[in-house]
Amino acid sequence: AQTVTQSQPEMSVQEAETVTLSCTYDTSESDYYLFWYKQPPSRQMILVIRQEAYKQQNATENRFSVNFQKAAKSFSLKISDSQLGDAAMYFCALSTNAGKSTFGDGTTLTVKP
Amino acid sequence: EAGVVQSPRYKIIEKKQPVAFWCNPISGHNTLYWYLQNLGQGPELLIRYENEEAVDDSQLPKDRFSAERLKGVDSTLKIQPAELGDSAVYLCASSLFRGSSEQFFGPGTRLTVL
C-alpha cells in the first residue's frame, strides 16, 4: 500500500518568518515523484514544488524548498520569508511511474501579520 | 491557456436522486483524474483515465458511481442514487503524463445531499 502522512494538521507562522511542514510517505516503488500542492481557501489547488526521487539534490522554487530524505522517506517543505498569501492548506502527494497518486490529509497554514 | 473546467460548481440534491459532474481537462492532457475531497482531508482518487481508458477505478463505488471519458477529452462522473455520505467536493484534475507530471486541478463541484 502507498501512504502519505502529514502529522501536523495545523501550523502557524509570523509574517516574514520561516516554517517547515512535515511529510512522510511509504511506497514499494523505487521510482516515484513527490509534490507539494497549495489549496487556498475557496480556490483551486496549485503546485508548489516537485521532486524526483532519483535526484539527490533538493528542489527549490524561490521561497519554497524541500528537505528530501529518501532513506527516511521524509519530504518536508520549508517556506522562507512567509507572506500573508501563503496562508492555505498544503498537501503532500506521491505519484509513481505507473500513475498511482496518493495525497496526505493536509496541513492548514496560518500566517500572522 | 484555459485551465481545467468543471461544472456545476455547486449542486444540492435530495438523497436517492441522480447527479452528474462534468470536467473538461487542459487541451492535450492525456491523463484525467476524478477525486473526492471531504472537508479537512486530502483528495482521494476515484478513477484515473489514460486517454479514454479507465486504468485505475479500484476506489470507485461501482454500485452507484459511474464515469466515462468519451473520445479521450472531457469526462462525466455520475452518482445514482446519491446518499447522504456522498456530500463532498468532487475534484477533476489532468496531467500531461501520468506519474511525473504536475496535476492541474479544476475548481471542484461541491455536492450537498439532503
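Small disclaimer: the values here were computed from a predicted structure and weren't measured. (Residues numbered from 1 in each chain as written. Chains lettered and ligands numbered in written order. Predicted model: local features only at pLDDT ≥ 70, side-chain atom pairs only at ≥ 80, totals over all residues. Heavy atoms only, no water.)

Observations concerning the packing of aromatic side chains
How we decide: Two aromatic rings, drawn from Phe, Tyr or Trp (for Trp, its six-membered ring), form a pair once their centres lie within 6.5 Å of each other, and the interplanar angle then sorts them: stacked below 30 degrees, edge-to-face above 60, tilted otherwise. Categorising residues by exposure relies on relative accessible area from a 1.4 Å probe, with only protein chains included: less than 20% of the type maximum marks a residue as buried, more than 50% marks it as exposed, and the intermediate range marks it as partly exposed. The helix and strand labels rest on DSSP assignments: H or I over at least four residues marks a helix, E over at least two residues marks a strand, and numbering proceeds from the N terminus.
Inspection of the entire model under this criterion finds 11 aromatic pairs over all chains. Measuring from ring centre to ring centre gives 6.3 Å for Phe 68 of chain A and Phe 75 of chain A, while their planes differ by 80°; the resulting arrangement is edge-to-face. Note on Phe 68 of chain A: relative accessible area 7%, which makes it buried. On the accessibility criterion, Phe 75 of chain A (0% relative accessible area) is buried. Aromatic pair Phe 21 of chain B and Tyr 90 of chain B: ring centres 4.8 Å apart, planes at 25°, arrangement stacked. On the criterion of sequence distance, the pair formed by Phe 21 of chain B in strand S3 (residues 19–24) and Tyr 90 of chain B in strand S9 (residues 88–95) is long-range, its members being 69 residues apart. Within the aromatic cluster, the residues linked to one another by ring pairs are Phe 35, Tyr 37 and Phe 103 of chain A together with Tyr 33, Tyr 35 and Phe 105 of chain B.

Observations regarding the nonpolar core
Formally: In this text, buried Ala, Val, Leu, Ile, Met, Phe, Trp, Tyr and Cys residues form a nonpolar core when linked through side-chain atoms within 4.5 Å.
Ranked by internal contacts, the top residues of the largest apolar core, which has 25 residues, are Tyr 25, Trp 36, Phe 75, Leu 77 and Tyr 90 of chain A. Secondary structure elements with two or more residues in this core: strand S3 (19–21), strand S5 (32–39), strand S6 (46–52), strand S8 (64–69), strand S9 (74–79), strand S10 (88–96) and strand S12 (107–112) of chain A. Considering each element in turn, this core owes the most residues, 4 residues, to S10 of chain A. In this structure, Cys 23, Leu 36, Ile 47 and Leu 60 of chain B belong to the second largest nonpolar core, which totals 22 residues.

A short note on the pattern of salt bridges
Put simply, the rule reads: A pair is scored as a salt bridge if a Lys or Arg side-chain nitrogen falls within 4 Å of a carboxyl oxygen belonging to Asp or Glu.
Here the structure, examined in full by the defined rule, presents 8 salt bridges over all chains. For Lys 62 of chain B, the salt bridge identified is with Asp 57 of chain B, shortest N-O distance 3.8 Å. Here the salt bridges share partners, and the residues they tie into one network are Arg 50, Glu 52 and Lys 55 of chain A.

Some details on the interface of chain A and chain B
Heads up, the condition is: When checking whether two residues touch, look at their non-hydrogen atoms; a contact exists if any pair is within 4.5 Å. Two parts lose some accessible area (1.4 Å probe) when they are put together, and adding that loss for both gives the buried area. By the criterion applied in these results, polar contacts are pairs of N or O atoms within 3.5 Å in which, for protein atoms, one can donate a hydrogen and the other can accept it, and in which residues neighboring in sequence qualify only through two side-chain atoms. Basically, the charged four are Asp, Glu, Lys and Arg, the nonpolar ten are Ala, Val, Leu, Ile, Met, Phe, Trp, Tyr, Cys and Pro, and anything else, Gly included, counts as polar.
Listed per partner, the contact involves 20 residues of chain A and 18 residues of chain B. Carbon and sulfur atoms supply 50% of the area buried between chain A and chain B, which totals about 1600 Å² over both sides. The largest share of the area that chain A buries against chain B comes from Gln 44, Met 45 and Phe 103 of chain A, three residues that together contribute 29% of it. Taken together, chain A and chain B are joined by 0 salt bridges. On the surface where chain A and chain B come into contact, there are 8 residue pairs in polar contact (both at pLDDT 80 or more). Every element with two or more residues in the side of chain A that touches chain B is listed here: S5, S6, S10 and strand S11 (101–103) of chain A. Of the residues belonging to the side of chain A that touches chain B, the class tally is 9 nonpolar, 8 polar and 3 charged.

Brief notes about the state of the cysteines
A covalent bond between the sulfur atoms of two cysteines is what we call a disulfide. Residue and element names in this part refer to chain A. As a reminder, the rule being used: Throughout, a disulfide means two cysteine sulfur atoms within 2.5 Å of one another.
Using the criterion set out here, one finds 2 disulfides over all chains in the structure. Disulfide pairing is shown between Cys 23 and Cys 92; the S-S distance is 2.0 Å. Residues Cys 23 and Cys 92 are joined by a disulfide whose S-S torsion is about -70°; by sign, that bridge is left-handed. Residue Cys 23 is located in the loop between S3 and strand S4 (24–26), and its partner Cys 92 is located in strand S10; the two are separated by 69 residues in the primary sequence.

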